[in-house]
Amino acid sequence: MLNYLWGFMILAGLGAGIVTGQVEAVSNASIDSAGEAVNMAVTMLGIMSMWTGLIEVARQAGLLDRMTRGLRPVLSFLFPRIPQEHRVNEYLTANILANILGLGWAATPAGLKAMEDLAQLEEKRRQTGYLKNVPKDTASNEMCTFLILNISSLQLIPVNMIAYRSQYGSASPAAVVGPAVLATLVSTFAAVIFCRVMDRR
């Protein structure tokens, strides 16, 4: 679907350029935008690499384990069926912390690892007969909850957005922090309520 959408937008832009006689402007804008995209990708790659590295250092230093224990009440509330000592809690913690800092790209590796562990945990439940009536490869409540929390834009410090604004010369790149916090509180609160209601059903 996205391929059709992007194709339509490209053709519409070219069509508008031809109709208005601005084909050269469209061509120049395409080249300039391609260059800006490369510069932005390099900038965000540096930010993501730094924070991903810091998270890995924190994990190896045992700091992530301490953070996991600190977040245990929250994790137990959101994922009551996950054993407290299961290693998936570390990945959940890393993902949540990265998202809180607004580092969606850095949160992705931990999120993928968490999903893998949650899938393995669900398969073990299925093998023990606890979920014998549930078809294989069905997403568990924990997997759905985790996905919904990520979709709800869980972040307090939108580092990526601040970096974008700084890259394009904003006079006050951090001005988005207040609105971002308010939007996060509303969306995450709604996501948590939805997950708890559906989990009980």
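Now for a quick tour of the structure. Keep in mind it's a predicted model, so treat the numbers as computed, not measured.

What about the overall build of the protein?
Part 1 of the argument: Across its full length, the protein carries nine helices and zero strands.
Part 2 of the argument: Reading the secondary structure of the protein in the N-to-C direction produces α-α-α-α-α-α-α-α-α.
Part 3 of the argument: Scaling as 2.2 N^0.38, a compact globule of 201 residues should have a C-alpha radius of gyration of about 17 Å, whereas the protein reaches 21 Å, well beyond that.
Part 4 of the argument: If you line up the protein on its principal axes, its C-alpha atoms span 70 × 40 × 30 Å.
Part 5 of the argument: Within the protein, contacts between residues at least 6 apart in sequence are counted, and of these 67% link residues at least 24 apart.
Part 6 of the argument: Accessible area of the protein: about 12,800 Å², with a carbon and sulfur share of 67%.
Part 7 of the argument: Of note, the protein has its 16 positive side-chain charges centred 11 Å away from the centre of its 14 negative side-chain charges.

A few points about the packing of aromatic side chains
Part 1 of the argument: Counting across every chain of the model gives zero aromatic pairs.
Part 2 of the argument: When the ring centre of Phe77 is taken as origin, the NZ or CZ atom of Arg196, which lies over that ring, is 5.1 Å away.

Some points on helix H8 (residues 159–167)
Part 1 of the argument: If you check which residues of H8 are buried, you get Val159, Asn160 and Ala163. For H8, the buried positions fall inside an angular range of 100° around the axis, keeping them on one side.
Part 2 of the argument: Where H8 is buried, its residues contact helix H2 (23–60) and helix H6 (104–127).

What counts, and at which threshold
- Residues numbered from 1 in each chain as written.
- Predicted model: local features only at pLDDT ≥ 70, side-chain atom pairs only at ≥ 80, totals over all residues.
- Heavy atoms only, no water.
- Helix = DSSP H or I, 4+ residues; strand = E, 2+ residues; numbered from the N terminus.
- Rg over C-alpha atoms; globule rule 2.2 N^0.38 Å.
- Contact = heavy atoms within 4.5 Å.
- Areas by Shrake-Rupley, 256 points an atom, 1.4 Å probe, with all protein chains shown as cover.
- Lys, Arg positive; Asp, Glu negative; His and termini not counted.
- Charge placed at Lys NZ, Arg CZ, Asp CG, Glu CD.
- Phe/Tyr/Trp six-rings, centres within 6.5 Å; stacked < 30°, edge-to-face > 60°.
- Lys NZ or Arg CZ within 6 Å of the ring centre and 35° of its normal.
- Buried < 20%, exposed > 50% of the residue type's maximum accessible area, 1.4 Å probe, protein only.
- Arc of directions from axis to C-beta.

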